[in-house]
Amino acid sequence: MLLLNCPCCGVDADETELAAGGEAHLKRETVGAEDEAFEAYLFMRDNPRGVHFERWRHAYGCGKWFLAARDTVTLEVFGTYPAQTKKPPKAIENALKKKRPDWKGWA
Amino acid sequence: MKRYSAFAIAREAARYHTGWERAWRSPEPKTHYDVIIIGAGGHGLATAYYLGKNHGIRNVAIIEKGWLGGGNTGRNTTIIRSNYLQDPSAAIYEKSRSLYETLSQDLNYNIMFSPRGLIMLAQTHHEVRGYQRTAYANALQGVKTEFISPARVKQLVPIMDISGPRYPVLGGLYQARGGTARHDAVAWGYARACSDMGMDVLQKTEVTAVRSEGGTVTGVETSRGIIGCKKLSIVVAGHSGHVAEMAGFRLPIESVALQALVSEPIKPCMDVVVMANTVHGYMSQSDKGEMVIGGGTDGYNNYTQRGSFHHIEETVRALIETFPMISRLKMLRQWGGIVDITGDRSPILSKTPLGNCFINAGWGTGGFKAIPGSGWAMAELVAKGEPGPLAAAFGLDRFREGRFIDESVAAGVAH
């Protein structure tokens, strides 16, 4: 069972309490964007085998969205952080570099 | 290749079975092939087979990082059907189903195709309307299905409780020539036929990089050295994103774990395949007597080939309501496979941004039934460089153009 700490309410939540929201930090396109940009926003995904930044919603808890860094192969969670951020916090990036030396880094 | 036949069995019985030869060769890689296919699962092997059979291209290698058919080909619940709503889906899945009918004879390998019939249960009024619509669409597409009454469902599946408290059975979409086949045998049969045509099946050979020159593919780097090719076909299901990254492009695909389980073997009690899409469960009985059960996917990206336990619990809970007699059965085995889910839940058979590199992916939770048709269409795409009528609608460009094949909304969740 996957356990994630909700940074909004502080609860350690089981995956049954959470709803996955897919890849995080996508650039949200709007009216006037080119087809390629919309395609990238709506459909194109990194889908990595390894470190993945993703959105979660504490659906059966506080109801808030948050973000997480997780390994898609081992399911190791490197940390969670508020959704109101443009990129992963430095602490998570540093932890990742230590634990996954071959990680290509934050794009 | 020595043919398998009743005579061969008699001959070998008379000499203590000393004359059987290996079903396929395990050669050393050559330095260059006309076509390299990454992934020796059902789809990759079928692509190779029809490249040789339909298009005369036999200088082909099929490269596999693990063992033959060890991914989703050997992990699915072996359901074969073609009762889809949208025309492009019905065309390719029905082509596939019809190829399954004679595949044992074509390959001279018993794939145990069992067209025992398949019912998709309608358990809400929405589903009744949806499946009636599908039945009419199938009639226009030339796919033989019918919408049947609850009484007929009960007649076909006596062990089913059709008056469940939450989701009573209100009817069903019945495809009499749907069914199952032996999944491993499909991979083995294709591999044997490919090997017989002179193709190289390279197991335990992992692709580590894709080589290109001036925007056109020139070969791959593998754990057994560099292998050149004129054309490259990526057929790696759940690992498509990983290989596409090597080839330098992104895909509209996310990979998740899909689980299945079997019960302990019991006496024959159900001779059709039953799918219940509202409650995410499907079940058939294997020739060994095990109840083969599949459910929904995990909700988040992962490559664990294991899956979350609560999904199995949800599936079993739902099926027990519909089949009360299975409530005392013990679970024998549970496993997971990594399925590649596209943005519109339909597959991709397409050219890619890299020249002479093609991709066959996104079959998601329903790839096994599509193996022969997918291989047929993919072989045409690789051989000619342009998609034929079966593959035309499944190009990567549909996501940019908004030209989706929306079976997810049309057919429910399970494929």
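Predicted model, so just to flag it, every value in this text is computed and none were measured.

**Student:** Could you give an account of the layout of surface pockets, naming the residues involved and the relevant values?
**Tutor:** Taken as a whole, the largest pocket spans an internal volume of roughly 1200 Å³. For the largest pocket, the lining is made up of 50 residues, of which B:T297, B:D298, B:G299, B:Y300 and B:H311 are closest to its centre. Those elements that provide at least two residues to the lining of the largest pocket are β3 (19-23) and β4 (51-57) of chain A together with β12 (253-263), β15 (291-297), α9 (309-322) and β16 (331-342) of chain B. Counted by class, the lining of the largest pocket contains 18 nonpolar, 21 polar and 11 charged residues. No fewer than three residues from each of domain 1 (6-82 + 85-89 + 183-253 + 344-401) and domain 2 (118-181 + 255-342) of chain B sit in the lining of the largest pocket.

**Student:** I'd like a rundown of α9(B), residues and numbers included.
**Tutor:** All names here are of chain B. The end-to-end C-alpha distance of α9, which contains 14 residues, comes to 21 Å, matching closely the 20 Å that a straight helix rising 1.5 Å per residue would cover. Buried residues of α9: H310, H311, I312, T315, A318, L319 and T322, and no others. Looking at the buried positions of α9, the neighbouring elements they touch are β4 (118-122), β12, β14 (281-285), β15 and β16.

**Student:** Could you give an account of the packing of aromatic side chains, naming the residues involved and the relevant values?
**Tutor:** A ring pair, where both rings are aromatic, is described by two values, the distance of the centres and the angle of the planes. Residue and element names in this part refer to chain B. Applying the stated criterion to the full structure yields 15 aromatic pairs over all chains. Here the aromatic rings of Y93 and W363 are separated by 5.7 Å at their centres, their planes lie at 90°, and the arrangement is edge-to-face. Taken together, the positions of Y93 in helix α3 (residues 87-101) and W363 in the loop between β18 (357-361) and α10 (371-384) put the pair 270 residues apart, joining distant regions of the chain. The exposure classification of Y93 matches that of W363, with both residues buried. Members of the aromatic cluster, joined through ring pairs, are Y49, Y50, Y190 and W376. We note R192 situated over the ring of Y4; from NZ or CZ to the ring centre the distance is 3.7 Å.

**Student:** With reference to specific residues and values, describe the interface of chain A and chain B.
**Tutor:** The interface is formed by 24 residues belonging to chain A together with 26 residues belonging to chain B. When chain A packs against chain B, close to 2300 Å² is buried across both sides, 51% of that on carbon and sulfur atoms. Considering only the surface of chain A that becomes buried against chain B, A:F43, A:N47 and A:R49 emerge as the three largest contributors, covering 33% of it. Seen at the junction of chain A and chain B, the total is 5 salt bridges. Ionic pairing is found between A:K104 and B:E245, a salt bridge with its closest N-O pair at 4.0 Å. At the level of secondary structure, the elements contributing two or more residues to the side of chain A that touches chain B comprise β3, α1 (35-42) and β4 of chain A.

**Student:** Any chance you could break down the packing of helix α2 (residues 42-55) of chain B against α10(B) for me, citing the residues and the numbers?
**Tutor:** All names here are of chain B. Following both chains from N to C, one finds α2 and α10 inclined at 55°, their axes separated by 7 Å at the closest point. Regarding the angle of α2 to α10, the classification is oblique. For the pair α2 and α10, the sense of crossing is right-handed. Residue-level contacts link G42, H43, A46, T47, Y50, L51, N54 and H55 of α2 to I371, P372, S374, G375, W376, M378, A379, E380, V382, A383 and K384 of α10.

Criteria and thresholds
- Residues numbered from 1 in each chain as written.
- Chains lettered and ligands numbered in written order.
- Predicted model: local features only at pLDDT ≥ 70, side-chain atom pairs only at ≥ 80, totals over all residues.
- Heavy atoms only, no water.
- 1 Å grid on protein atoms, 1.4 Å probe; cavity = no way out; pocket = protein on both sides within 12 Å on 5 of 7 lines; lining within 4 Å.
- Points joined across faces, edges and corners; volume = space filled by probe spheres on them.
- Helix = DSSP H or I, 4+ residues; strand = E, 2+ residues; numbered from the N terminus.
- Nonpolar A, V, L, I, M, F, W, Y, C, P; charged D, E, K, R; others polar.
- Domains from an automatic or database assignment.
- Expected span 1.5 Å × (residues − 1).
- Buried < 20%, exposed > 50% of the residue type's maximum accessible area, 1.4 Å probe, protein only.
- Contact = heavy atoms within 4.5 Å.
- Phe/Tyr/Trp six-rings, centres within 6.5 Å; stacked < 30°, edge-to-face > 60°.
- Lys NZ or Arg CZ within 6 Å of the ring centre and 35° of its normal.
- Buried area = accessible area lost by both parts, 1.4 Å probe.
- Salt bridge = Lys/Arg side-chain N within 4 Å of Asp/Glu carboxyl O.
- Axes fitted to C-alpha atoms, helices over the stretch in contact; angles between N-to-C directions.
- Parallel < 35°, antiparallel > 145°, perpendicular 65-115°, else oblique.
- Left-handed = near helix turned anticlockwise from the far one by under 90°.

These results come straight from atomic positions and should not be treated as a statement about function.
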